[in-house]
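The primary structure of each chain is shown beneath.
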Amino acid sequence: MRDVVVIGAGMTKFGELWDKSIKDIFVEASLKAIKDSGVDHIDSIYVGAMSSGLFVGQEHLGAILADYLGMNPVPATRVESACASGGAAFRQAYLEVASGASEIVLAGGVEKMNDGADVTEVLATAADQEYEVYQGITFPGLYAMIAKAHMHQYGTTREQLAAVAVKNHRNGSKNKNAQFGFEVTPEQVMKSTMVSDPLRLLDCSPVTDGGAAVIVASMDVAKKLNKNFVRVIASAQASDTIALHSRESFTTLNSVVKAAEKAYRMAGIKPTDLNLCEVHDCFTIAEIVVSEDLGFFEKGKGGEAVLNGLTSIESGKIPINTSGGLKSKGHPVGATGIAQIIELFEQLNGKAGGRQVKNARIGMAQNMGGSGASSVIHILEVK
Amino acid sequence: MITARYHREIPQRYRLEAGKCKKCGFIAFPHRLVCPKCKSQDFETIRLSDEGKILTFTIVRVASDKFSKQTPFAVGIVELKEGVKLTTQIADVDVDKLEIGQKVKIVFRKIQEDGKAGILCYGYKAVLI
Ligand SMILES: [Zn+2]
């Protein structure tokens, strides 16, 4: 397959966007990305959205968004893989350009979560409705059971969980698009309201409205436009059982392990070659588990690593979630995977301002759905 | 809530029935048409034992609207004697005294109700032995 690059990016501010519809949010992000890229047309559109039907009562998103973007008759399709919808949409755009079927594809993601829906119930549809959710379990509850098992098996502590939130809020305080761009202390995290033991409110990513879009193109297009671009050197995806209880281990996310193996092989690199990584920190424990499953730290040592600062921007080891992550930047579910790509695009082009990782050359984005039933990984490189 | 979705015959929910792969012995709960281990499609129906132990758990303090009146309640992953694992509420217990490894028994209980006059939904829960 041929080389594929990202040539432009745009996103809305993440937060409670009461004055904007799902269409407004997507169109705003897309127009910014198109302008940033300098292209005068696009060949097709993929949009990631987890549950527009339940959040705002609107399906058929591909068509409605192409329409409001003024792009008819460009083909447009919605991609759904729960919280990994954005990453999966980006992968479809990547594959379409890599195959030679298209030259310029818009990969976007959007979610409008603040519109009156029972958000806990909508998010729970990413788990097994009949055998998990029927019993009253929630997403914080599923990750809480992962946390409990990780603490039991490896001695991971409450302080270590809190360290994830503290770091990500510190990074997010330097991101103007972040929903909660302020710092928090370990004490604030550990005294916040208990949601599902041992996870507290400040262990959880927030409920967010937001949109994000990138322009994916062939190398030929990028060279003609003479633009800054980053190359996609790996795209990988893997699945696991929908129910957490069906797995042999609750402390390893096998879809992440498998997608990572493929991604590293495709890019021809090792975990230590990465300069930064955006991981799917829907809950603090998720960042710890994923940082182990991606091969940055030995199994069971992820908590210790974050508490010791090995994942901070200044660490030199592996900066994780420089954008603020889902925790501080916000988690408009379908947009999250694209927003991760945007952070890499900015970092690799040296445009991340106060949160810039020095000499960032290779970055990874890890996006996942449910309690890890879907995982999508991309690796981007700047020459 | 859609009545049919909860009141149809669901042998695995009401009788703890599972499918045992005749080729490799894998037990699928709920039943499946394809064995994820050996891909065989040949299963026999078995009744699971009702005893097991808690592998992990949480106490749900913020629930979806449907369950908000029950909070706080415990949900865990329980492993039954046959090695089958399931997600279930752990009932009749001081939630602050739960521990991983505790032995439980599966019982038949009301799980949720659809508002004041709505349908009642039944299924399994675990209680400490
Ligand atoms: Zn089998």
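For every chain, the first residue of its written sequence is number 1, and the numbers climb from 1 along that sequence. Chains carry letters and ligands carry numbers; both start at the beginning, A for chains and 1 for ligands, and go up in the order they are written. Restriction of local features to residues with pLDDT of at least 70 applies here, the model being predicted, together with a cutoff of 80 or more for giving and counting side-chain atom pairs; totals for whole chains, interfaces and linings are based on all residues. Side-chain measures here rest on the full set of heavy atoms in the structure, leaving out hydrogens and waters.

(A) Structural context of the sheet that holds strand β11 (residues 374-381) of chain A. Residue and element names in this part refer to chain A. Pairing is mixed across the open sheet formed by nine strands, whose spatial order is β3-β2-β4-β7-β1-β8-β11-β10-β9. Looking at the sheet topology across the chains shown, the edges are occupied by β3 (76-79) and β9 (276-278). Direction aside, neighbouring strands of the sheet carry axes that sit 25° apart on average. Looking at chain direction, strand β10 (residues 362-369) and β11 are connected through eight bridges and run antiparallel. From the neighbouring strand, Gln 366 faces β11, where its bridge partner is Ile 377. In the packing of helix α3 (residues 61-68) onto the sheet, contacts are made with β2 (44-48), β3 and β4 (104-112), and the angle to β3 comes to roughly 135°. Criterion used throughout: strands pair if DSSP finds at least two bridges between them. Every helix listed is a DSSP run of H or I at least four residues long, and every strand listed is a run of E at least two residues long, numbered separately from the N terminus. Lines fitted to C-alpha atoms define the axes, with helix axes restricted to the stretch in contact, and inter-axis angles between N-to-C directions lie between 0 and 180 degrees. Whether two residues touch is decided by their heavy atoms; if any such pair falls within 4.5 Å, the residues are in contact.

(B) A look at the confidence of the model for chain B. Mean pLDDT over chain B stands at 92; residues scoring 70 or higher make up 95%. The complex prediction reports pTM at 0.97, with the ipTM value standing at 0.96. pLDDT measures how confident the predictor is about each residue, on a scale from 0 to 100.

(C) Geometry of the coordination of the zinc ion. Residues and elements named next belong to chain B. Bound to the zinc ion are the protein donor atoms Cys 21 (SG), Cys 24 (SG), Cys 35 (SG) and Cys 38 (SG), situated 2.3 to 2.4 Å from the metal. With water excluded from the atoms, a metal site may look incomplete; its donors are any N, O or S atoms within 2.8 Å, or within 3.2 Å for Na, K and Ca. In the primary structure, the donors to the zinc ion are separated according to the pattern C-x2-C-x10-C-x2-C. One end of the pair, Cys 24, is in the loop between β1 (17-21) and β2 (27-28); the other, Cys 35, is in the loop between β2 and β3 (43-47), and eleven residues separate them in sequence.

(D) The arrangement of the environment of Lys13(A) in detail. Residues and elements named next belong to chain A. For Lys 13, the location among the structural elements is in the loop between β1 (4-11) and α1 (22-37). For every residue, the accessible area obtained with a 1.4 Å probe (protein chains only) is divided by the maximum for its type, and the residue is called buried under 20%, exposed over 50%, and partly exposed between those limits. Its relative accessible area of 42% is what places Lys 13 among the partly exposed residues. Taking the C-alpha atoms as reference points, Lys 13 and Asp 281, separated by 268 residues in sequence, lie 19 Å from one another. Once residues within four sequence positions are removed from consideration, Lys 13 is found in contact with Lys 176, Asn 177, Ala 178, Asp 209 and Gly 210.

(E) Spatial organisation of the packing of aromatic side chains. Between 30 and 60 degrees the pair is tilted, below 30 it is stacked and above 60 it is edge-to-face, where a pair is any two Phe, Tyr or Trp rings, Trp via its six-membered ring, whose centres lie within 6.5 Å. Counting across every chain of the model gives eight aromatic pairs over all chains. Judged by centre distance (6.5 Å) and plane angle (40°), the rings of Phe139(A) and Tyr143(A) are tilted. Taken together, the residues span about one helical turn, with Phe139(A) and Tyr143(A) both in helix α6 (residues 139-154) at a distance of four residues. Aromatic side chains Tyr14(B) and Phe108(B) sit 6.2 Å apart centroid to centroid with 75° between the ring planes, which places their arrangement in the edge-to-face category. Taken together, the residues Tyr14(B) in helix α2 (residues 11-15) and Phe108(B) in strand β7 (residues 103-113) connect sequence positions 94 residues apart. Grouped by ring-pair contacts, the aromatic residues Tyr131(A), Phe29(B) and Tyr124(B) constitute a single cluster. Charge-over-ring placement is defined geometrically: NZ (Lys) or CZ (Arg) within 6 Å of the ring centre, and within 35 degrees of the ring normal. One Lys or Arg, Lys23(A), reaches over the ring of Tyr68(A) and ends 4.8 Å from the middle of that ring.

(F) Representation of the interface of chain A and chain B within the structure. With 27 residues of chain A at the interface, the matching set in chain B holds 37 residues. For the pair chain A and chain B, the two sides together bury roughly 2,800 Å², of which 55% comes from carbon and sulfur. Here the quantity called buried area is the total loss of accessible area, with a 1.4 Å probe, experienced by two parts when brought into contact, counted for both. Sorting the residues of chain A by area buried against chain B places Tyr131(A), Tyr134(A) and Gln135(A) first, and these three jointly supply 31% of that buried surface. Whenever a carboxyl oxygen of Asp or Glu lies within 4 Å of a side-chain nitrogen of Lys or Arg, that contact is scored as a salt bridge. Remark: the boundary between chain A and chain B carries two salt bridges. Across the salt bridge formed by Arg61(B) and Asp197(A), the nearest N and O atoms sit 2.8 Å from each other. For the purposes of these results, a polar contact is taken to be a pair of N or O atoms within 3.5 Å, where, inside protein, one atom must be able to donate a hydrogen and its partner to accept one; residues adjacent in sequence count only when each atom of the pair is a side-chain atom. Linking chain A with chain B are 16 residue pairs in polar contact (both at pLDDT 80 or more), by the criterion used here. At the level of secondary structure, the elements contributing two or more residues to the side of chain A that touches chain B comprise α5 (119-124), α6 and β5 (194-196) of chain A. Counting residues per element, the side of chain A that touches chain B draws most heavily on α6(A), at six residues. A breakdown of the residues in the side of chain A that touches chain B according to their chemical character gives eleven nonpolar, eight polar and eight charged. Note on residue classes: Ala, Val, Leu, Ile, Met, Phe, Trp, Tyr, Cys and Pro are nonpolar, Asp, Glu, Lys and Arg are charged, and everything else, Gly too, is polar.

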